[in-house]
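Each chain, written out:
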Amino acid sequence: MKQLLVALWMGGCAAAAAQTAWLLGELHDQPDHQRQAAQLVSELAAQGRLQALVLEMAERDRHTRGLPPDAGEAQVREALAWHEPGWPWAVYGPVVMAAVRAGVPVHGGNLPRAELRAATGQAGWDDLVPAAARQRLVDAVRDGHCGLVPEAQLPAMARMQIARDDALAATIAAASHGAPPDAVVLLLAGAVHASRLTGVPLHLPRHAPALTVRTTAFVPAGAIPPAGFDDAREAAAQASRDHCADLRERGMPTITSPASR
């Protein structure tokens, strides 16, 4: 099975005939996902194919362009305005630095917090994705927050996801400008963001209609790609923390949109 998945992945790479966006859907608490992402960055860079690395983990308009390949980690973190509590550098630093050392720019693609908060009250975001995708996002928010979010708040929180995905898609499109035909813009983001059913692929046709898109999920050994992904990379699974217990212990804050304040 592992050989088949690798063959599918490499076959897709070799067949790419246009500028391509590869979307890696990770789980944030699985170290092998980030390790493999760093390895892929190094491999693509060594082939001269990596145009840019885009991250959910840094905000839009933050980037490493202009930094030399030997820039220190502190410089890189400052350039990306890295938010350590949310995204441990020990986990994601190797992915970022693999690109920097190869001279490949790293771009943040997430919306700043103030814009995310504003998005909760902007109903226009609802129309950017099909109704079925919006319902999947509502369900994902409910499940991801362990059923602790009041039902009335779920649509507003789904808008935040839609706004994030649109920003990531716009960042990928901008990073692809001027790329040669076999170039790849690589996105590392959570699996919901990378899925064709819920995330960035729904927005890329508006921002970059000619861009070829390939979505890849990390899966345990022997698993097949989940719905919404073109293929999979096998990854070692590590026991996850019970984040539902953590949420229940500290309580879920109320999300108040600007329109309801």
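Scroll up a little and you will see the structure.
Owing to the predicted nature of the structure, the values given are computational and were not obtained by experimental measurement.

Calculation rules
Residues numbered from 1 in each chain as written. Predicted model: local features only at pLDDT ≥ 70, side-chain atom pairs only at ≥ 80, totals over all residues. Heavy atoms only, no water. Helix = DSSP H or I, 4+ residues; strand = E, 2+ residues; numbered from the N terminus. Buried < 20%, exposed > 50% of the residue type's maximum accessible area, 1.4 Å probe, protein only. Contact = heavy atoms within 4.5 Å. Pairing = 2+ DSSP bridges. Expected span 1.5 Å × (residues − 1). Salt bridge = Lys/Arg side-chain N within 4 Å of Asp/Glu carboxyl O. Bend = angle between axes of the 7 residues up to and from the residue. Axes fitted to C-alpha atoms, helices over the stretch in contact; angles between N-to-C directions. Parallel < 35°, antiparallel > 145°, perpendicular 65-115°, else oblique. Nonpolar A, V, L, I, M, F, W, Y, C, P; charged D, E, K, R; others polar.

A. Structural detail: the overall build of the chain. In terms of regular secondary structure, the chain is built from 10 helices and six strands. By residue count, 47% of the 261 residues in the chain fall in the buried class. In the chain, the share of contacts with a sequence separation of at least 24, taken over all contacts with a separation of at least 6, comes to 75%.

B. How the structure looks around the pairing of strand 5 (residues 212-219). With six of eight residues buried, strand 5 lies mostly within the body of the structure. As paired strands, strand 5 and strand 6 (residues 231-234) are joined by four bridges and run parallel to one another. Paired with Thr 216 across the two strands is Asp 231, which belongs to strand 6.

C. A look at helix 2 (residues 31-46). For helix 2, which comprises 16 residues, the first-to-last C-alpha distance of 23 Å matches the rise-based estimate of 22 Å (1.5 Å per residue) to within 8%. By the burial criterion, the buried members of helix 2 are Asp 32, His 33, Gln 34, Gln 36, Ala 37, Ala 38, Leu 40, Val 41 and Leu 44. Of the residues flanking the end of helix 2, it is Gly 48, one or two places downstream, whose phi is positive at about 75°.

D. Spatial organisation of the pattern of salt bridges. Across all of its chains, the model carries nine salt bridges by this definition. A salt bridge links Arg 60 to Glu 115, with the shortest nitrogen-to-oxygen separation between them at 2.8 Å. Here Arg 60, found in the loop between strand 2 (50-59) and helix 3 (73-79), pairs with Glu 115, found in helix 5 (residues 113-119); they are 55 residues apart in sequence, far enough to count as distant. When its relative accessible area of 35% is taken as the criterion, Glu 115 is described as partly exposed. A salt bridge links Arg 159 to Asp 126; its shortest N-O distance comes to 2.9 Å. Of this pair, Arg 159 sits in helix 7 (residues 154-175) while Asp 126 sits in the loop between helix 5 and helix 6 (131-144); the two residues are 33 residues apart in sequence, bridging distant segments of the chain. On the basis of relative accessible area, Arg 159 is assigned to the buried category, the value being 15%. Residue Asp 126 is classed as buried on the basis of its relative accessible area of 15%.

E. Spotlight on helix 4 (residues 89-101). The axis of helix 4 is deflected most strongly, by about 25°, at Val 95. Every buried residue of helix 4 is accounted for by Trp 89, Tyr 92, Gly 93, Val 95, Val 96, Met 97, Ala 98, Ala 99 and Val 100. Contacts from the buried residues of helix 4 go to strand 1 (20-26), helix 2, strand 2, helix 3, strand 3 (106-110) and strand 4 (184-190). Residue Gly 103 follows helix 4 closely and has a positive phi angle near 75°.

F. Main features of the packing of helix 2 against helix 4. For the pair helix 2 and helix 4, the least separation of the axes is 8 Å and the interaxial angle reads 5°. The orientation of helix 2 with respect to helix 4, classified from their angle, is roughly parallel. Contacts between helix 2 and helix 4 involve Gln 34, Ala 37, Ala 38, Val 41 and Ser 42 from the former and Val 91, Tyr 92, Pro 94, Val 95, Ala 98 and Ala 99 from the latter. Of the residues belonging to the contact of helix 2 with helix 4, the class tally is nine nonpolar, two polar and no charged.

G. Representation of the sheet that holds strand 1. Pairing is parallel in the open sheet, where six strands are placed in the order 3-2-4-1-5-6. The open sheet has two edge strands with one neighbour each: strand 3 and strand 6. On average, each strand axis in the sheet is inclined to that of its neighbour by 30°, with strand direction left out of account. Contacts from helix 2 reach strand 1, strand 2, strand 4, strand 5 and strand 6, with the element oriented near 160° to strand 1.

H. Seen up close, the environment of Pro 225. Its location among the elements puts Pro 225 in the loop between strand 5 and strand 6. A sequence separation of 10 residues divides Pro 225 from Thr 215, and the C-alpha atoms of the two residues are 9.8 Å apart. Beyond its immediate stretch of four places on either side in the chain, Pro 225 contacts Asp 230, Asp 231 and Ala 232.

It is worth stressing that arrangement in space is one thing and function is another; only the former is reported here.
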